[in-house]
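# Analysis of the macromolecular model
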Amino acid sequence: RFATVATAPPDSILGLNEAFAADANPKKMNLSVGVYKDASGQTPVLRCVKAAEQRLVDGEKTKGYLPIDGQPDYRDHVRRLVFADSIDASRIAVVQTPGGTGALREAAALMNSQLPAIRVWISTPTWANHQSIFASENIPYDNYRYLADDKKSFDIAGMLEDLTGKTKPGDAVLLHACCHNPTGVDPTAQQWNEIAAVLAQRELLPIIDFAYQGFGNGLDEDTVAVRAITSVCAEAIVCSSFSKNFGLYSERVGAVSVMSADADTTTAVKSQLKSLVRSNYSNPPRHGAAVVATILDDSELTAMWHGELTEMRTRIKALRRQFVDTMKTTGAGHDFGFLLDQNGMFSFSGLNPMQVDELRNKYSIYIVGSGRINVAGMNEERMGELCTAVANVIEN
Ligand code: PMP
């Protein structure tokens, strides 16, 4: 039977990690996969996480199952982080999920089981896994314009035109709340209002992918899209990931929050979400969510988290600045100033696939084929090396 199974292609991003690990060049640099690295090149365990884990280990009394929808205080913290108190809690069904990917998959499963004939609109470009997640739940997808032809700025006119002219009422639209992956290009607050108005007017269902809360401009500042949308749309889905902002990548911590028009609908939606979880993975893992809840239950640990998150965000911004300034000194004559207007870990460098290949083959510098760079993977001390290599491939 299994003899007929064909080999699947490697994941476009995680596959690069394998190639990086196998590269013997001691000067290799990994700017591909989206994890934060500190000045020493490590992806650290946050200090607030270590402190919370210590408390959990000392106080833990059981490894019994969590409820299907996850740990109640964790779910309440997620609701407050995402919506503050702008929406009545009775209108929001929150379910703890294994990471942001689990949240997106749960949203797609809800659409598949409850919203027949729904189609989802996805930005061009987007995170490579988005298409696969919706395809796995048999949800057809289409693309709306997002990145302008200059590959540096936001095509607001194109996006609004596509959402107005191509969608059908009832369709879903997948949006990146902040730190758009892979471009780093985000709408302004005013542009979010314009987008939200079109979503409401066309009766489109917003699905907000919130994987980088706190990495753009701040925890509360980054809710600008959620606020704009939920103030004019009665229904929305938010998919949270705490992989990046708590550095809890491998613990798989996320949540799907479904906002409905009233409390009765929310109860029905919640029951369907639980039924989908039950037949999928039954109930979520405890540890990561318990860490998040322990931190957010304690004002001292919360303050520590805010400090560490600010540290990560400011470091990434400083790396953007250092890269742009160092590129100027190489004399390559290519202005990377646009990187300073972008948010989060990623940016589209504008490097073409041949230049990406050359960076990897000649210098063992790994970036994604589309030209996406993980700025958070850059290193202060090796910025000169990186920029010289980039300048060389641009000039060739
Ligand atoms: N959405 C986007 C836009 C992402 O970049 C990521 C992580 N790379 C996710 C969702 C999924 O996050 P998680 O690792 O928590 O599943």
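Keep in mind it's a predicted model, so treat the numbers as computed, not measured.

## Some words on the overall build of the protein chain
- The secondary structure content of the protein chain amounts to 13 helices and 11 strands.
- Taken against the 2.2 N^0.38 rule, which gives 21 Å for 396 residues, the C-alpha radius of gyration of the protein chain at 21 Å falls within 12% of a compact globule.
- Expressed along its principal axes, the backbone C-alpha trace of the protein chain runs to roughly 65 × 55 × 55 Å.
- Per-residue burial over the protein chain gives 45% buried out of 396 residues.
- Of the contacts formed within the protein chain by residues at least 6 apart in sequence, a portion of 75% connects residues at least 24 apart.

## Points about the domain arrangement of the protein chain
- According to the domain assignment, the protein chain contains domain 1 (10-45 + 301-395) and domain 2 (65-297).
- Taken together, the contact pairs 25 residues of domain 1 with 25 residues of domain 2.
- Listed by contribution, the elements that provide at least two residues to the side of domain 1 that touches domain 2 are α11 (299-329) and β9 (346-348).
- For the side of domain 1 that touches domain 2, the residue count by class is 13 nonpolar, 10 polar and 2 charged.

## Looking at the site of the ligand
- Taken together, Gly34, Gly99, Gly100, Thr101, Trp127, His176, Asn181, Asp209, Ala211, Ser241, Ser243 and Gly254 are the residues near the ligand.
- No other element matches the 3 residues that helix α4 (residues 99-114) contributes to the shell around the ligand.
- Its residues assigned to classes, the shell around the ligand comprises 2 nonpolar, 9 polar and 1 charged.

## What about the nonpolar core?
- Membership of the largest hydrophobic core comes to 111 residues, with the highest contact counts inside it found for Ala107, Ile207, Ile208, Ala225, Cys239 and Val292.
- For this core, the domains that each give at least three residues are domain 1 (10-45 + 301-395) and domain 2 (65-297).
- Beyond its immediate sequence surroundings of up to four residues, Cys239 is in contact with Gly100, Ala103, Leu104, Ala107, Ile207, Ile208, Asp209, Phe210 and Val256.

## Details of the environment of Asp209
- Turning to its location among the elements, Asp209 is positioned in strand β6 (residues 205-210).
- Overall, the presence of 26 C-beta atoms within 10 Å leaves Asp209 in the buried class.
- As a C-alpha pair, Asp209 and Ile237 span 28 residues in sequence and 8.5 Å in three-dimensional space.
- If we skip the residues at most four places from it in the chain, Asp209 touches Gly100, Leu104, Leu174, Leu175, His176, Ala177 and Cys239.

## With respect to helix α3 (residues 72-83)
- Relative to the 16 Å expected for 12 residues at 1.5 Å per residue, α3 spans 16 Å between its end C-alpha atoms, a close match to the ideal helical length.
- Turning to α3, its buried residues number three or more, namely Tyr74, Arg75, His77, Val78, Arg79, Leu81, Val82 and Phe83.
- For α3, the elements touching its buried residues are β2 (92-97), β6, α8 (224-230), β7 (236-241), β8 (254-259) and α10 (287-296).
- The positive-phi residue at the C-terminal boundary of α3 is Ala84, with phi of around 50°.

## Description of helix α7 (residues 189-201)
- The end-to-end C-alpha distance of α7 is 18 Å, a good match for the 18 Å that 13 residues give at a rise of 1.5 Å each.
- Each element contacted by the buried residues of α7 is listed here: β5 (172-176), β6 and α8.
- Trailing α7 by a residue or two, Glu203 shows a phi angle of about 55°, which is positive.

## Some remarks on the sheet that holds strand β3 (residues 120-124)
- The mixed open sheet is built from 7 strands, whose spatial order is β2-β8-β7-β6-β5-β3-β4. With one partner strand each, in any of the chains shown, β2 and β4 (141-145) form the two edges of the open sheet. Here the average twist between neighbouring strands, direction ignored, is 25°.
- Two strands pair when backbone bridges link them, and β7 and β8 are joined in this way by 6 bridges, in the antiparallel orientation.

## Regarding the confidence of the model for the protein chain
- For the protein chain, the average pLDDT comes to 95, and 100% of its residues sit at 70 or higher.
- Overall fold confidence for the complex sits at a pTM of 0.96, while the interface term, ipTM, reaches 0.99.

Definitions and limits used
Residues numbered from 1 in each chain as written. Predicted model: local features only at pLDDT ≥ 70, side-chain atom pairs only at ≥ 80, totals over all residues. Helix = DSSP H or I, 4+ residues; strand = E, 2+ residues; numbered from the N terminus. Rg over C-alpha atoms; globule rule 2.2 N^0.38 Å. Buried ≥ 20, exposed ≤ 12 C-beta atoms within 10 Å, placed from the backbone. Contact = placed C-beta atoms within 7 Å. Domains from an automatic or database assignment. Nonpolar A, V, L, I, M, F, W, Y, C, P; charged D, E, K, R; others polar. Near = placed C-beta within 6 Å. Core = buried A, V, L, I, M, F, W, Y, C linked by C-beta atoms within 7 Å. Expected span 1.5 Å × (residues − 1). Pairing = 2+ DSSP bridges. Axes fitted to C-alpha atoms, helices over the stretch in contact; angles between N-to-C directions. pLDDT = per-residue confidence, 0-100.

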